[in-house]
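A closer look at the structure
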Amino acid sequence: MSTSTRTEGAAAPTGPDSFFSVRDLRVRFSTEDGVVKAVDGLSFDVERGRTLGIVGESGSGKSVTNLTVLGLHNPKTTTVDGEIVLDGKELVTATEKELEKLRGNKVAMIFQDPLTALSPYYTVGRQIAEPYMKHTGASKKEARARAIEMLTKVGIPQPKVRVDDYPHQFSGGMRQRAMIAMALVCDPDLLIADEPTTALDVTVQAQILDLLKDLQQEFGSAIVFITHDLGVISDMADDLLVMYAGRAVERGSAAEVLRSPRHPYTWGLLSSMPRLGGSLDQPLSPIPGSPPSMLNPPSGCPFHPRCAFTDEVGGDRCATERPPLGEGRAAACHLTAEQKQTLFIDKIQPRLR
Ligand code: SF4
């Protein structure tokens, strides 16, 4: 597995030759009430050794995207269009057998709740060892040694003893570490971490994030890190994709997006976030309204019912015309580059101090 060096502030190279590339992905579910457009024309790229952060509120399509990558959607009720290419292999058209070969081997996932990934009926060691045996053909003895090695790597004390414990004998933080050990046991090229630290207290959260960064340096994996927490993302991601209503609305290096965000939705996310060292007198400004129903998403710019800047664009353009997301560093919004800059400096930046 190759490794690459992080370059702070620089966006990852993009294009069809990327290690992991998603192009115009559309995911739709049939429900009793109609068709839910969960993901609606999403494109992004991730290189080896880099971390892409995907942020957005619940229902923005970020988790659905990644379950689709792993082929974990229900094929009877879900339609998937577009391209997902991992190291040259197309995944949308892959068979279940091909996807099974990839899962836990080339691609692994860490969930918010380790209890969804760990079975209560088997020891932690067995659950780490099994995918290793399956994908590498290792013997039981070798796989057990590998499980102990992985528990050591993720910082479980007394790994030779704890390898025989059941998940309920581990604390929440230790279970999360065990799940990371399970995800990384086959040195996956792509790791998808879906809100991996949301359920943990701040100290354990920081330890898990450090662990993921260290392991990425060691294994050179590409990471897709999904969260609603921009504070976490600033620590983890090289590149950032902000999602709203199943679409990417802003893209760039994490440093650029967090330092000078260009989309009103990103402004809203940042303004609603408590800031370390921020003034206690400064009230948080939640985004008004709630995320749209994807059964019947708004016309035009999907953020327009909640956006405070439609008058700056003028007319009914925001409500009728969908703003495209350009290439590279971009925001899908009808405001001009000059308007975005002026509004950010005059109206948003003072709230972020
Ligand atoms: Fe707001 Fe209009 Fe920009 Fe959408 S296009 S974010 S509604 S200003």
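Going by an unreviewed UniProt entry, the chain carries the name ABC transporter ATP-binding protein and comes from Streptomyces coelicoflavus. The record in UniProt for the chain states the following under Sequence similarities (unreviewed entry): "Belongs to the ABC transporter superfamily." Recorded in UniProt under Subcellular location (unreviewed entry), the annotation for the chain is "Cell membrane".

**Some words on the sheet that holds strand 8 (residues 222-227)**
Within a sheet, each strand pairs with its neighbour through backbone hydrogen bonds, oriented either parallel or antiparallel. Strand order in the open sheet formed by seven strands is 6-7-8-3-9-10-11, and the pairing between neighbours is mixed. Edge positions in the sheet fall to strand 6 (107-110) and strand 11 (330-331), since each of these pairs with one other strand and no more. The sheet contact formed by strand 3 (residues 51-55) and strand 8 spans five bridges and is parallel. Residue pairing in the sheet places Gly-53 in a bridge with Phe-225 of strand 8.

**Observations regarding the pairing of strand 8**
In terms of residue burial, strand 8 counts as a mostly covered element, since six of its six residues are buried. Taking every second residue as pointing to the same face, both faces of strand 8 are buried, with Ala-222, Val-224 and Ile-226 on one and Ile-223, Phe-225 and Thr-227 on the other. Note that strand 7 (residues 190-194) and strand 8 share five bridges and pair parallel. In the sheet register, Ala-193 faces strand 8, and the bridge partner there is Phe-225.

**A closer look at helix 11 (residues 264-271)**
Within helix 11, eight of the eight residues are buried, which leaves it mostly tucked inside the rest of the structure. Those residues of helix 11 that sit buried are Pro-264, Tyr-265, Thr-266, Trp-267, Gly-268, Leu-269, Leu-270 and Ser-271. Buried positions along helix 11 lie against strand 3, helix 9 (230-236), strand 9 (239-244), strand 10 (247-253), helix 10 (254-259) and helix 14 (337-348).

**Overview of the packing of helix 4 (residues 124-136) against helix 7 (residues 172-184)**
It is at 8 Å that the axes of helix 4 and helix 7 come closest, and there the two elements cross at 20°. On the basis of the axis angle, helix 4 is roughly parallel to helix 7. Where helix 4 crosses over helix 7, the two elements pack in a sense that is right-handed. Touching Val-124, Gln-127 and Ile-128 of helix 4 are Ala-178, Ala-181 and Met-182, all from helix 7.

**With respect to helix 7**
Across its 13 residues, helix 7 extends 19 Å between first and last C-alpha, which sits within 8% of the 18 Å expected from 1.5 Å per residue. Counting buried residues along helix 7, twelve of its 13 residues qualify, which places the element largely inside the surrounding structure. Every buried residue of helix 7 is accounted for by Gly-173, Met-174, Arg-175, Gln-176, Arg-177, Ala-178, Met-179, Ile-180, Ala-181, Met-182, Ala-183 and Leu-184.

Reading the values: rules and limits
Residues numbered from 1 in each chain as written. Predicted model: local features only at pLDDT ≥ 70, side-chain atom pairs only at ≥ 80, totals over all residues. Heavy atoms only, no water. UniProt positions renumbered as here; feature names shortened; annotations may be inferred. Pairing = 2+ DSSP bridges. Helix = DSSP H or I, 4+ residues; strand = E, 2+ residues; numbered from the N terminus. Buried < 20%, exposed > 50% of the residue type's maximum accessible area, 1.4 Å probe, protein only. Contact = heavy atoms within 4.5 Å. Axes fitted to C-alpha atoms, helices over the stretch in contact; angles between N-to-C directions. Parallel < 35°, antiparallel > 145°, perpendicular 65-115°, else oblique. Left-handed = near helix turned anticlockwise from the far one by under 90°. Expected span 1.5 Å × (residues − 1).

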